[in-house]
Amino acid sequence: LAPWVPVVGLEIHAQISSNSKLFSGSQVQFAAPPNSLVSFFDASLPGTLPYQKRRGVGWIVLSCFELSVTVVFYQDSGAGYQITQQRVPIAVNGSLSYSLCIDKKMSQMVTKTVRIKQIQLEQDSGKSLHDDTRSQTLVDLNRAGVGLMEVVMEPDMCCGEEAAAAVRELQLILQTLGSSQAVMAEGQLRVDANVSVHHPVEPYGVRTEVKNINSLRFLAKAVDYEIQRQIEELENGGTILNETRAFDSKLGCTVPMRDKEGKQDYRFMPEPNLPPLILYDAKSLPANVNHQQVVNIDWIHERLPDLPSVKRAKLIEQYGILPEHSFTLLNEDGLTEFFEDVVKQTQMKPKKVIGWILKDLLSYLKQHSLTVKESPVSSLFLADLLNLLEKKEISSTAAKQVLAELWKGEGKTPLKIVKEKKLEMIQDQKELEKICQAVIDGQENEVITMVPG
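Parameters and conventions
Along each chain, the written sequence defines residue order, and numbers are assigned to residues from 1. Note on the predicted model: pLDDT of at least 70 is required for a residue's local features to be given, and 80 or more for side-chain atom pairs to be given and counted; whole-chain, interface and lining totals, by contrast, use all residues. Computation of side-chain values: all heavy atoms of the structure, hydrogens and water removed. UniProt positions are given in the numbering used here, feature names are shortened, and annotations may be inferred rather than shown by experiment. Only DSSP runs of H or I reaching four residues or more are called helices, and only runs of E reaching two or more are called strands; each is numbered from the N terminus. Here the term buried applies to any residue with accessible area under 20% of the maximum for its type, exposed to any over 50%, and partly exposed to those in between, with areas from a 1.4 Å probe on protein chains only. Only four residue types enter the charge count, namely Lys and Arg as positive and Asp and Glu as negative; His and the chain termini do not. Should a side-chain nitrogen of Lys or Arg be within 4 Å of a carboxyl oxygen of Asp or Glu, the pair is scored as a salt bridge. In what follows, residue pairs with any heavy atoms lying within 4.5 Å of each other are defined as contacts. In this analysis, rings of Phe, Tyr and Trp, with Trp reduced to its six-membered ring, are considered paired at centre separations within 6.5 Å, and the interplanar angle assigns stacked below 30 degrees, edge-to-face beyond 60, and tilted for intermediate values. Only lysine NZ and arginine CZ atoms are considered, and such an atom sits over a ring when it is within 6 Å of the ring centre and within 35 degrees of the ring normal.

- Named according to an unreviewed UniProt entry, the chain is GATB amidotransferase originating from Todus mexicanus.
- Of the chain, the UniProt comment under Sequence similarities (unreviewed entry) reads exactly: "Belongs to the GatB/GatE family. GatB subfamily."
- Under Catalytic activity (unreviewed entry), UniProt gives the following word-for-word description of the chain: "L-glutamyl-tRNA(Gln) + L-glutamine + ATP + H2O = L-glutaminyl-tRNA(Gln) + L-glutamate + ADP + phosphate + H(+)".

### Quick word on the overall build of the chain
Alright, step 1. Of regular secondary structure, the chain possesses 13 helices and 12 strands.
Alright, step 2. Scored against the burial criterion, the 453 residues of the chain give a buried share of 43%.

### Some thoughts on the side chain of Glu150
Alright, step 1. You can see Glu150 is positioned in strand β6 (residues 147-153).
Alright, step 2. Although Glu150 lies buried, it forms no salt bridge, and the closest oppositely charged side chain, Lys211, sits 7.5 Å away as judged by the N-O distance.
Alright, step 3. Apart from residues lying up to four places away in sequence, Glu150 is in contact with Glu11, Ile12, His13, Gln118, Ile119, Gln120 and Glu122.

### Here we look at the side chain of Asn194
Alright, step 1. Examined against the element boundaries, Asn194 turns out to sit in strand β7 (residues 189-198).
Alright, step 2. Of the residues examined, Asn194 reaches a relative accessible area of 9% and is grouped as buried.
Alright, step 3. Apart from residues lying up to four places away in sequence, Asn194 is in contact with Val7, Val8, Gly9, Glu11, Arg207, Thr208 and Glu209.

### Focus on the packing of aromatic side chains
Alright, step 1. Under the definition given, this model contains 3 aromatic pairs.
Alright, step 2. Plain terms: the ring middles of Tyr319 and Phe339 are 5.2 Å apart, the flat faces sit at 80° to each other, and that makes the pair edge-to-face. A residue pair is termed long-range when its members are at least 10 positions apart, and Tyr319 in helix α5 (residues 308-319) and Phe339 in helix α7 (residues 335-345) qualify at 20 residues.
Alright, step 3. The class of Tyr319 is buried, set by a relative accessible area of 10%.
Alright, step 4. The exposure class of Phe339 is buried, given its relative accessible area of 0%.
Alright, step 5. Judged by centre distance (3.6 Å) and plane angle (10°), the rings of Tyr364 and Trp407 are stacked. Here the residue Tyr364 occupies a position in helix α8 (residues 350-367), and Trp407 occupies one in the loop between α10 (396-406) and α11 (414-421), the gap between them amounting to 43 residues. You'll find Tyr364 and Trp407 in the same group, each marked buried.
Alright, step 6. The ring of Trp356 carries the charged tip of Lys400 above its face, separated from the ring centre by 4.6 Å.

Here is the structure:
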C-alpha cells in the first residue's frame, strides 16, 4: 500500500487585548479568584443586555490585515449559549506564511503557506472544575464573555512541527500588532487540532479533534502522536472515530473526551440585542459620523507596525546574519532587543556577536529554564566582555571563563573578573621571554632530554 498522508487543520482562539469583556464592563484578569469578575450580564440575570465595544472589533480587524452571531448550548456559560459570528465572519480567504527548519542543525529553512478560512469574533465560555472526590462540578464564570478571535486554518499541514511553526508565527504577529498578548501559559492562545490520515488519491479520512492545547511543544507532540495512533489503528484493521480528544502531557498521548458521531445539534439565530456590525473604509465612511465610534479599516491599515517577516528581513540586511539566526532572535521573547543592545555597545562585528548570543547566552538560558529578561548577564556586561576579546586583551578561552563567572550574577564587571583571575593576554615580548626562560630554568632535566632531539 502507498504510504499514509497526514492532514492537519487548526482552530486557534486568541484572547483579544482588552481590560474588560466583550459585551460587559467586567474586568479581565488572569488567575483571579473564582467568580470574582462576573457582571450581571455575565451571569445572565434577567433584563441585562450586551453592548458592543469598538476596541475589540478594532483589534480583530487589525489582525485580519496580516492574514491576507450564532447560538450554541454551553453549560459553563450563564446564558446557556455563546455569542459568535457564524454566517458573516469578519474576514475570510486569507493566508499565513511560516518557516521551519528541515534539519535539526537549523542550517536550512523552508517557507510554507497555510490558508486561513475565516476569522471571527466571539465570546469565551466559563470553566468547569470537576471535583471527583465530592462527585460534583463547579463553574467559574470569570472567563465567560471574554473577547476571542477565532482563526480557522484550512487542513494544509502534515505534521506537528508544521502546526507548531504556523501557530508560533501567528502568535508573533498578534503580539507585534498588540491585538493579543497570546501568552499560551495563561490561556490567551489555545489551539484545537483536527487530524486525519488517508492514502494518496483517496478522500480525506475521518478526523479527530484534539482540544485546548496550550503549548507549542505539546501541540507538536499531540499532532504527531495522533497521526501515528490513527495509522496504527487503521493498519491493525480498526476504524477511526469522529471524536474529541485531549492531550495528556504527562503520558504524552491523546485520550478520548467525547464522540462526535451523532449529528451536531447546533441551532443558530441572530442575537436580537446586538445591532449589526458594520466596518467602514475611507470611501464608505459617512460624512457626519463620529470617528471614535466606528471602525475605519483604512485608518487601521495605515498604522500597521513592522511584522515579524519584515523585522527578519531588516535584521538580515542590517547585520548580515543568516536567515535561520533571524528566526531564532524573533522566536525568543526579548532576544532581538538584547542582541541589538550588545551590537550598539561593542566593537565586535554582528556576525561574531550572534554566535555568542545563540551558542553561549541562549543555550545557558534554556539549560536553566530562564527567559532573556531573567538573564544574570546583562547586554552591557556581555558587550564589555566582547570588547575585551575584540581588543585582544583576553583570549577566547579566557572569555569563556569570564562568562562563566558572569553567570553567577555577583555584579562584577568583566574587567574586574579578568584582573582577579589574571586572565589578561601578555603583549610585551620581553615579559613573555622572561616567563619562557623561567619555565626552561625550572625544567632543566626535560630541556637536556629535548635539546639533542
